[in-house]
Amino acid sequence: LQKCGYTVPVLIHPSAFVSRSAIIGIGTVVEPKAIVNSNSYVAEGVIISIGAIIDHNAEIGKYSHINAGAIVKAGGKIERFRKLEAGEEVIP
């Protein structure tokens, strides 16, 4: 879409918390009560579902889906196109 001149927004629900030091890629959606902690990198097109937690220094690859209540612990890395199931934990 960007190649066609469109602006792709980042959508962050008002009840979500995203650290000022986190980097959020274009087209990413952060749903209600989700948390993205300090120094985390979230690539483009990611869905962070309700209540999911991305702990500090985590890396989330392009077009991934972090499902409801899933947790990516500190320093965790999620490869692109991966879907974490509801309540799943990723430990580095």
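Please refer to the structure placed before this passage.
Below: a short report on this structure.

Rules of the game
- Residues numbered from 1 in each chain as written.
- Predicted model: local features only at pLDDT ≥ 70, side-chain atom pairs only at ≥ 80, totals over all residues.
- Heavy atoms only, no water.
- Salt bridge = Lys/Arg side-chain N within 4 Å of Asp/Glu carboxyl O.
- Buried < 20%, exposed > 50% of the residue type's maximum accessible area, 1.4 Å probe, protein only.
- Pairing = 2+ DSSP bridges.
- Helix = DSSP H or I, 4+ residues; strand = E, 2+ residues; numbered from the N terminus.

With that settled, the discussion passes to the pattern of salt bridges. Within this structure, the stated rule accounts for three salt bridges. Across the pair Glu88 and Arg82 runs a salt bridge, and its minimum N-O distance is 3.0 Å. Looking at Glu88, the relative accessible area reads 25%, which means it is partly exposed.

Turning our attention to the sheet that holds strand β1 (residues 11–12). Pairing in this open sheet of five strands is parallel, and the strands run β1-β4-β7-β10-β13 from one edge to the other. Where the open sheet ends on each side, the last strands, each with one partner, are β1 and β13 (83–84). Across two bridges, the pairing between strand β10 (residues 65–66) and β13 is parallel. Looking at β13, one finds that Ile66 is bridged to Leu84.

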